[in-house]
Amino acid sequence: MKGDLLSDLIRALATGDWDAADALLVEIGRPGWGGSLYLIGAAFAVAVGDHFGVASTPNDVAAFVSTARAEHQVGDSLPTLEMEGLIRAALGEPELVDNISAGTALDVELFVLIYLLRSKNLTPAEFDELIAEAEALVSQVPAPAPPKKPSRWRAWRLRRRKHGR
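The rules behind each value
- Residues numbered from 1 in each chain as written.
- Predicted model: local features only at pLDDT ≥ 70, side-chain atom pairs only at ≥ 80, totals over all residues.
- Heavy atoms only, no water.
- Core = buried A, V, L, I, M, F, W, Y, C linked by side-chain atoms within 4.5 Å.
- Buried < 20%, exposed > 50% of the residue type's maximum accessible area, 1.4 Å probe, protein only.
- Helix = DSSP H or I, 4+ residues; strand = E, 2+ residues; numbered from the N terminus.
- Contact = heavy atoms within 4.5 Å.
- pLDDT = per-residue confidence, 0-100.
- Phe/Tyr/Trp six-rings, centres within 6.5 Å; stacked < 30°, edge-to-face > 60°.

Some words on the nonpolar core
Thought 1: By size, the foremost hydrophobic cluster in this structure holds 41 residues, and its most contacted members are I10, F64, I87 and V112.
Thought 2: Among the elements of the structure, helix 1 (2-15), helix 2 (18-29), helix 3 (38-52), helix 4 (58-72), helix 5 (80-90), helix 6 (102-120) and helix 7 (124-138) are those that each provide at least two residues to this core.
Thought 3: Aside from chain neighbours lying at most four places away, what touches F64 is H51, F52, I87, V112, Y115 and L116.

Here it is as structure tokens:
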């Protein structure tokens with residue numbers, strides 16, 4: 001199941017099982033997987049909400065980001081303002097993500113999610129509860145409308161496949 005691959009990936013990353021994470025990334029990266037990465041964003045939102053609660057301030061978020069970046073020496077690979085913006089968006093300020101690219105958002109969500117999960121050292125039951133809550137959030141997201149015509153990239157791939165390249 002597609003969601004199971006992502007929850008297994010999150011579990012592997014959170015527990016430091018890098019061999020399992022690598023194998024799952026290969027599986028997810030295969031053509032035709034067709035899954036959605038919404039589960040990662042939803043798990044990020046749940047973990048952030050659990051960590052910060054409703055009384056957090058922008059200063060709390062900035063201090064957390066500073067600490068997490070320092071502990072893991074992420075340098076410039078994950079931009080500070082985007083990290084803060086994504087966390088604050090999960091806490092109720094969605095307008096802060098308007099100008100963050102999807103790639104940067106995914107990188108930040110994965111980093112923060114794994115950082116939070118590793119620091120909590122969840123039991124398997126607690127992890128399952130977090131994933132169940134994230135899956136409930138994902139189930140509320142409407143399915144995207146199918147494209148009216150293939151994207152240029154997809155059309156190019158289809159032509160190449162048709163001609164055996």
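Continuing now.
Some words on the confidence of the model for the protein chain
Thought 1: Mean pLDDT over the protein chain: 84, with 80% of residues reaching 70 or higher.
Thought 2: Of all the helices and strands in the protein chain, helix 8 (residues 152-162) carries the lowest mean pLDDT, 67, while helix 5 carries the highest, 93.

So, the packing of aromatic side chains
Thought 1: Scanning the model with the defined rule gives three aromatic pairs in all.
Thought 2: For the ring pair F52 and F64, a centre distance of 5.3 Å and an interplane angle of 80° mean the geometry is edge-to-face. Taken together, the residues F52 in helix 3 and F64 in helix 4 connect sequence positions twelve residues apart.
Thought 3: With a relative accessible area of 13%, F52 lands in the buried category.
Thought 4: On the basis of an interplanar angle of 25° and a centroid distance of 6.2 Å, the ring pair of F111 and Y115 is categorised as stacked. Placement of both F111 and Y115 in helix 6 is noted, with a separation of four residues, approximately one turn of the helix.
Thought 5: Grouping aromatic residues by their ring pairs yields a cluster made of F52, F64, F111 and Y115.

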